[in-house]
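# Structural overview for review
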Amino acid sequence: MIQEISLQAIQGVRIGNAENTRGGTGCTVLLFPHGAVCSVDIRGGAPASRETALLDPVATAETVHAVLLSGGSAFGLAAADGVMRYLQEQGVGFATRCGPVPLVVGSCIFDLPCGDIVYPDAAMGYAACRHSEENAPQEGNYGAGTGASVGKIAGASRMMKAGLGMFAVQSGALQVGAVMVVNALGDVLSEKNTVLAGLRTPDGGALASTQQYVWEHMEAVSTIFTGTVENTTIGAVITNGGGTKTQMKKVAAMASNGLVRAVSPVNTTADGDSIYAASVGKVPASVDEMGILASYAVTCAVRRAVRCATGAYGIPARRDLIQNK
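Residues numbered from 1 in each chain as written. Predicted model: local features only at pLDDT ≥ 70, side-chain atom pairs only at ≥ 80, totals over all residues. Heavy atoms only, no water.

## Some remarks on the overall build of the protein chain
Within the protein chain, the regular secondary structure consists of seven helices and 15 strands. Taking 2.2 N^0.38 as the reference for a compact globule, 325 residues should give roughly 20 Å; the C-alpha atoms of the protein chain span a radius of gyration of 18 Å, in line with that estimate. Considered along the principal axes of its C-alpha atoms, the protein chain spans approximately 60 × 45 × 35 Å. Out of the 325 residues in the protein chain, the part that is buried amounts to 58%. Here the contacts in the protein chain between residues at least 6 apart in sequence split such that 80% fall between residues at least 24 apart. For the protein chain, the computed accessible surface area is about 12800 Å², with 53% contributed by carbon and sulfur atoms. Here the protein chain carries 23 positive and 25 negative side-chain charges, and the mean point of each set is 3 Å from the other. (Helix = DSSP H or I, 4+ residues; strand = E, 2+ residues; numbered from the N terminus. Rg over C-alpha atoms; globule rule 2.2 N^0.38 Å. Buried < 20%, exposed > 50% of the residue type's maximum accessible area, 1.4 Å probe, protein only. Contact = heavy atoms within 4.5 Å. Areas by Shrake-Rupley, 256 points an atom, 1.4 Å probe, with all protein chains shown as cover. Lys, Arg positive; Asp, Glu negative; His and termini not counted. Charge placed at Lys NZ, Arg CZ, Asp CG, Glu CD.)

## Side note on the packing of aromatic side chains
Throughout the structure, instances matching the rule amount to three aromatic pairs. Ring centres of F167 and Y296 lie 5.8 Å apart, and the angle between their planes is 85 degrees; on these two criteria the pair is classed as edge-to-face. Highlighted residues: F167 in strand β9 (residues 164-171) and Y296 in helix α6 (residues 287-307), separated in sequence by 129 residues. According to the relative accessible area criterion, F167 is buried, its value standing at 10%. Of the residues examined, Y296 reaches a relative accessible area of 37% and is grouped as partly exposed. (Phe/Tyr/Trp six-rings, centres within 6.5 Å; stacked < 30°, edge-to-face > 60°.)

## Quick look at the packing of helix α5 (residues 245-262) against α6
Direction vectors running N to C along α5 and α6 enclose 35 degrees, while the axes themselves pass 7 Å from each other. Here α5 runs over α6; the crossing is right-handed. Here Q247, M248, K250, V251, M254, A255, N257, G258, L259, R261 and A262 of α5 come into contact with α6, specifically with V287, D288, M290, G291, I292, A294, S295, Y296, V298, T299, V302 and R303. (Axes fitted to C-alpha atoms, helices over the stretch in contact; angles between N-to-C directions. Left-handed = near helix turned anticlockwise from the far one by under 90°.)

## Digging into the nonpolar core
Membership of the largest hydrophobic core comes to 70 residues, with the highest contact counts inside it found for L30, F32, V67, V179, I238, V298 and V302. Looking at this core element by element, the count peaks at 11 residues for α6. If we skip the residues at most four places from it in the chain, I238 touches L7, I10, V13, L30, F32, Q175, V176, G177, V179, A278 and V280. Among the nonpolar cores identified, the runner-up in size contains 17 residues, and V29, A66, L68 and C129 belong to it. (Core = buried A, V, L, I, M, F, W, Y, C linked by side-chain atoms within 4.5 Å.)

## A word on the side chain of S190
In this structure, S190 sits in the loop between β11 (187-189) and β12 (195-197). Discounting residues that sit within four places of it in the chain, S190 has contacts with L196 and R303.

## Observations regarding unusual backbone geometry
For the bond from S264 to P265, the omega torsion is -10 degrees, close enough to zero to count as cis. When you line up the elements, P265 lands in the loop between β14 (263-264) and β15 (274-283). Phi at N135 is positive, roughly 50 degrees, even though this residue is not glycine. The exposure class assigned to N135 is buried, which follows from its relative accessible area of 18%. Within the chain, N267 stands out as a residue other than glycine whose phi angle is a positive 60 degrees.

## Let's talk about the sheet that holds β14
Taken in spatial order, the three strands line up as β12-β11-β14 in an open sheet, and their pairing is antiparallel. At either margin of the open sheet sits one strand with a lone partner, and together these are β12 and β14. Where β11 meets β14, two bridges bridge the pair, whose relative direction is antiparallel. Across the sheet, the residue bridging to D187 is S264, located in β14. (Pairing = 2+ DSSP bridges.)

## Observations regarding α6
Structurally, the α-helix is built with 3.6 residues per turn, so residues lying three or four positions apart point the same way. A rise of 1.5 Å per residue sets the reference length of α6, with its 21 residues, at 30 Å; its end C-alpha atoms lie 30 Å apart and thus fit the reference within 8%. Among the 21 residues of α6, 15 are classified as buried, and the element is accordingly described as predominantly covered. (Expected span 1.5 Å × (residues − 1).)

## Some thoughts on empty space enclosed by the protein
Within the structure shown, the criterion is met by one cavity of 30 Å³ or more. Taken as a whole, the largest cavity holds about 30 Å³ of empty space. Lining the largest cavity, in full, are V176, V237, I238, T239, M248, V251, A277 and A278. Elements with a contribution of two residues or more to the lining of the largest cavity: β13 (232-241), α5 and β15. Broken down by element, the residue count for the lining of the largest cavity peaks at three residues, all from β13. Among the residues making up the lining of the largest cavity, the classes are represented as seven nonpolar, one polar and no charged. (1 Å grid on protein atoms, 1.4 Å probe; cavity = no way out; pocket = protein on both sides within 12 Å on 5 of 7 lines; lining within 4 Å. Points joined across faces, edges and corners; volume = space filled by probe spheres on them. Nonpolar A, V, L, I, M, F, W, Y, C, P; charged D, E, K, R; others polar.)

Next up, the structure:
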């Protein structure tokens, strides 16, 4: 049996948000003060990422100290500088003769159409770390979810607001949680495989289907995705289960399967879908146990990202369409 728990129940990780609501962007940081064994699964065709080579099983570093999830497209990777500065001040990092060097990996979403053109920077990354001291991150339009949206295949006039979602479960002593930033080209699907949020009808008043849109425009399929790299679902799963980088690589891959149940279409060439998997404990568990829970947590976190979102920047959220009926 599994039960839902709070992310705060998982020891060894702190989560913080920082955002610029006027600029429509932000960042979310997962800090591992004692390090985390981490890997990543990248399935999208247009990722914006930092230091992911560290996560290769043959790389020297055994642990990393933070995962950054950010807005701002590739510009948002600059927020990692603030994360590094914060960790350095705390004495956290890879030991060298010149002092600790924090290892920070990260990925970004494209949220530039929201608000003013503002990019997450070192100051915002540092602020997210300070916020992590409370370890009480909010979902929806916060952190890296501030400018997230979904259902963008037919342009901005028919898309919907999404955001940041979190979910965690426990089975016995094993705990697994997910933090997801949903900025997909496609739609987010419900437990019944209906559209929760995504492409809207031409009049904007009801939900449509991105998959159906693609089918109906199949003659132009070669150009539908060309030149649009403004989408990405990024996130991280955290577990107190023990694992190597090789094992976490498989857990990340299984976690990515959770997107398949929640987003359609998914992993397109216009998305940079990336999910990190981090082990912060030593609870005995198999890769399959961790991966199955991780996949479930990702699916639930993605759905929470649209259910917790509020309309902003002229983009309606799911709750707006429901209230207007």
